[in-house]
Amino acid sequence: KAYQHSIAPAARGSSQFVFDLEPLFAMALRHLLLVACLAATLHVASAGFVEVAYTTTLSGAQVVPGPGEDAYATAVCIYDRYASPVTLDCQVQHNVTDILSLGVYNGTAGNTGVLQFPFSDITQGRNLRETFTFPSEDLQNDFLFGRMYLQINSNEFPGGSLRGQLLQNVGS
């Protein structure tokens, strides 16, 4: 809609002019509201993707080659794509008595993978937590598409005590 702006004399015989600001103000207000709505929509749309939870239940049956130990562990890893750099915060609870190592491996279910993120302190007890930084976008994509797993190695099972594929928690 085109707006007509008029300049009219303020009073007969006066040299002052009055500029009608109402249409200009209305147009500016509409533009401001549009920008505010777009910004709010983008903020809400991106808020759901800040952190994504990936979970697994580790078992000896998933170890390749298996079978591993008759123990259990559960894990939650939070992927924060807006951290700079992108991070993965993993917390693992287990009941393995003689833990040798724990790490996040790059590999698909049923296949042996490559250790990417070793936990640095496995002496913290049965509740271990560590935050890792992704060194590449390719590794991030492997993680996002379910091509990473957690594995616990023990003195009795140095090639794999428990293993669990990290998959996105649908409710997150």
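Up top you'll find the structure we're talking about.
Residues numbered from 1 in each chain as written. Predicted model: local features only at pLDDT ≥ 70, side-chain atom pairs only at ≥ 80, totals over all residues. Heavy atoms only, no water.

Caption draft 1: Representation of the packing of aromatic side chains. All chains considered together, the criterion is met by eight aromatic pairs. Consider the rings of Tyr105 and Tyr149, whose centres lie 5.2 Å apart with planes at 5 degrees: the pair is stacked. Separated by 44 residues along the polypeptide, Tyr105 in strand S6 (residues 99-106) and Tyr149 in strand S9 (residues 148-154) bring together distant segments of the chain. Each member of the pair, Tyr105 as well as Tyr149, is classed as buried. (Phe/Tyr/Trp six-rings, centres within 6.5 Å; stacked < 30°, edge-to-face > 60°. Helix = DSSP H or I, 4+ residues; strand = E, 2+ residues; numbered from the N terminus. Buried < 20%, exposed > 50% of the residue type's maximum accessible area, 1.4 Å probe, protein only.)

Caption draft 2: Quick peek at the pattern of salt bridges. For the coordinates displayed, the defined rule picks out two salt bridges. A salt bridge links Arg129 to Asp89; the shortest N-O distance between them is 2.4 Å. Residue Arg129 is located in strand S8 (residues 127-133), and its partner Asp89 is located in strand S5 (residues 87-94); the two are separated by 40 residues in the primary sequence. With relative accessibility at 16%, the residue Asp89 sits in the buried group. (Salt bridge = Lys/Arg side-chain N within 4 Å of Asp/Glu carboxyl O.)

Caption draft 3: Spotlight on the environment of Thr112. Examined against the element boundaries, Thr112 turns out to sit in the loop between S6 and strand S7 (114-118). For Thr112, a relative accessible area of 58% corresponds to the exposed category. Along the primary structure Thr112 and Val63 are separated by 49 residues, whereas in three dimensions their C-alpha atoms are 8.5 Å apart. Apart from residues lying up to four places away in sequence, Thr112 is in contact with Val64, Tyr149 and Arg163. (Contact = heavy atoms within 4.5 Å.)

Caption draft 4: Seen up close, the state of the cysteines. Under the defined criterion, the tally for this structure stands at one disulfide. In this model, Cys77 is linked to Cys90 through a disulfide, with the two sulfur atoms separated by 2.2 Å. When the S-S torsion is 115 degrees, as for the bridge of Cys77 with Cys90, the disulfide is right-handed. You can see Cys77 sitting in strand S4 (residues 73-80) and its partner Cys90 sitting in strand S5, a full 13 residues away along the chain. (Disulfide = S-S within 2.5 Å.)

Caption draft 5: The sheet that holds strand S11 (residues 167-168), seen in detail. Read across the sheet, five strands follow the order S8-S5-S4-S3-S11 without closing on themselves; strand pairing throughout is antiparallel. A single partner strand is all that each edge strand has here, and the edge strands are S8 and S11. Summarising the sheet, strand S3 (residues 51-58) and S11 pair through two bridges and their orientation is antiparallel. Bridge pairing in S11 links Tyr54 to Gln168. Across the face of the sheet, helix H2 (residues 137-144) comes into contact with S3, S4 and S5 while running at roughly 130 degrees to S4. (Pairing = 2+ DSSP bridges. Axes fitted to C-alpha atoms, helices over the stretch in contact; angles between N-to-C directions.)

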